[in-house]
Structures are given as structure tokens and as C-alpha cells.
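One-letter residues, chain by chain:
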Amino acid sequence: MESNLSSKDVYTHSGVVSKKNNGSLVVSLDENVHCESCRAKSTCGISESGSKEVEISTPNETFNINEHVNVVLRKGLGLKAVFWAYIFPFLLMVFTLGVSSLFLKEWMAGVLSLLILIPYYLALYALRNVFKKTFKISVVKI
């Protein structure tokens, strides 16, 4: 990771290297200790999910299995990921609903606005290698 980035510019999460593949690592992220004291944990999906794993391609250093590491992501990339995963699909649905309601019955417009997400997420899946290059995640030894 670039040395000129401060802790305010990055998200850091601790984890353990669980797998090593050719040119990539799989890091199992530790549970978030802040979830226990959070008042909104009942409505949050993060606290309820099980173990989370992140695949990091071509790390700069060599790592061993079961080694404790920090996973680092620049904040700007985190916001970009939220946009592509949540905000853009929502806007796409609302736009599709608005336009299709001018030409179709209400229930058909609603179904079409939901079905528009299928090609969107298929396109995201097809472009997953482009997103892997864009959303570069770094690993740092502890």
C-alpha cells in the first residue's frame, strides 16, 4: 500500500490468511468487535453474516497460511463499490419503473423494474475481472 496514505484515507480490517492459490490469497476477516456495542446491529446485515472472506490477487509479499494480516482498502474505492452494488441498481430500477409505467400497466412496470436487475448483475459478473483490477485490495503483515 502506498506509504503516503493516512489512516483516515483507508479502511483497515484484520484477518487471517486461510488459502493460498496461484498468485492470490484468501483472507478470512475477523468479526467486527464494534458490532456488539452498536445500537443498530439488529437492522444491520454485517453483524448477522458469518465469516467473510476476501480474495486478494497478486500480493507484493509472501504470506503463510494462518498468518495474521490487515486488509486495506482506500475509502474512495469503498464508496465506488457501494455505488455499483446499491445506488446504481436502485436508480436503474426507479428509472425503469418511471419510464415503463408510461407505456405498460402498473404491475407489468413493477415486474419489469425488478427484472432489469438480472441483466445488470449478469453484466457486473461478466465484468468482474475489470472490477478486480479497479478495486485493488492490499494486504499488510501485522
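Here is a short report on the structure shown in this document. Since the model is a prediction, treat every value here as computed from it, not as a measurement.

**Overview of helix α1 (residues 75-103)**
Next up, step 1: If you check α1, its first and last C-alpha atoms are 41 Å apart, about what 29 residues at 1.5 Å a residue would give, namely 42 Å.
Next up, step 2: For α1, the full list of buried residues reads Leu77, Gly78, Pro89, Thr96 and Ser100.

**Things to note about the sheet that holds strand β1 (residues 10-21)**
Neighbouring strands of a sheet are bound in pairs by backbone hydrogen bonds; such pairs are parallel or else antiparallel.
Next up, step 1: The strand order β3-β2-β1-β4-β5 describes an open sheet built from five strands, whose pairing is antiparallel. Taken across any chain shown, the strands that pair with only one partner, and hence form the sheet edges, are β3 (52-57) and β5 (138-141). Ignoring which end each strand starts from, the neighbouring axes of this sheet average 45 degrees apart.
Next up, step 2: Inspection of the sheet shows strand β4 (residues 68-74) paired to β5 by four bridges, in the antiparallel sense. Bridge pairing in β5 links Asn70 to Val140.
Next up, step 3: Along the sheet, α1 makes contact with β1 and β4, crossing β4 at roughly 70 degrees.

**Brief notes about the pattern of salt bridges**
Next up, step 1: All chains considered together, the criterion is met by one salt bridge.
Next up, step 2: Notably, a salt bridge pairs Lys141 with Glu67, separated by 3.9 Å at the nearest N-O pair. In this pair, Lys141 is assigned in strand β5 and Glu67 in the loop between β3 and β4, connecting sequence segments 74 residues apart.
Next up, step 3: A residue is classified by how much of its surface remains accessible, and Glu67, at 19% relative accessible area, is buried.

Criteria and thresholds
Residue numbering note: each chain is counted from 1, following its sequence as written. Local features in a predicted model are, by the rule used here, given only for residues with pLDDT of at least 70; side-chain atom pairs are given and counted only at 80 or more, and totals for whole chains, interfaces and linings are based on all residues. Hydrogens and water molecules were not included; the side-chain quantities draw on all heavy atoms of the structure. A run of DSSP states H or I qualifies as a helix once it reaches four residues; a run of E qualifies as a strand once it reaches two. Both are numbered from the N-terminal end. One fewer than the residue count of a helix, multiplied by 1.5 Å, yields its expected span. For every residue, the accessible area obtained with a 1.4 Å probe (protein chains only) is divided by the maximum for its type, and the residue is called buried under 20%, exposed over 50%, and partly exposed between those limits. In this description, strands pair whenever DSSP reports at least two bridges between them. Helix axes use the C-alpha atoms of the stretch in contact, all axes being lines fitted to C-alpha atoms, and the angles between their N-to-C directions lie in the range 0 to 180 degrees. The contact criterion used is simple: two residues touch if any of their non-hydrogen atoms lie within 4.5 Å. One side-chain nitrogen of Lys or Arg within 4 Å of one carboxyl oxygen of Asp or Glu is enough to make a salt bridge.

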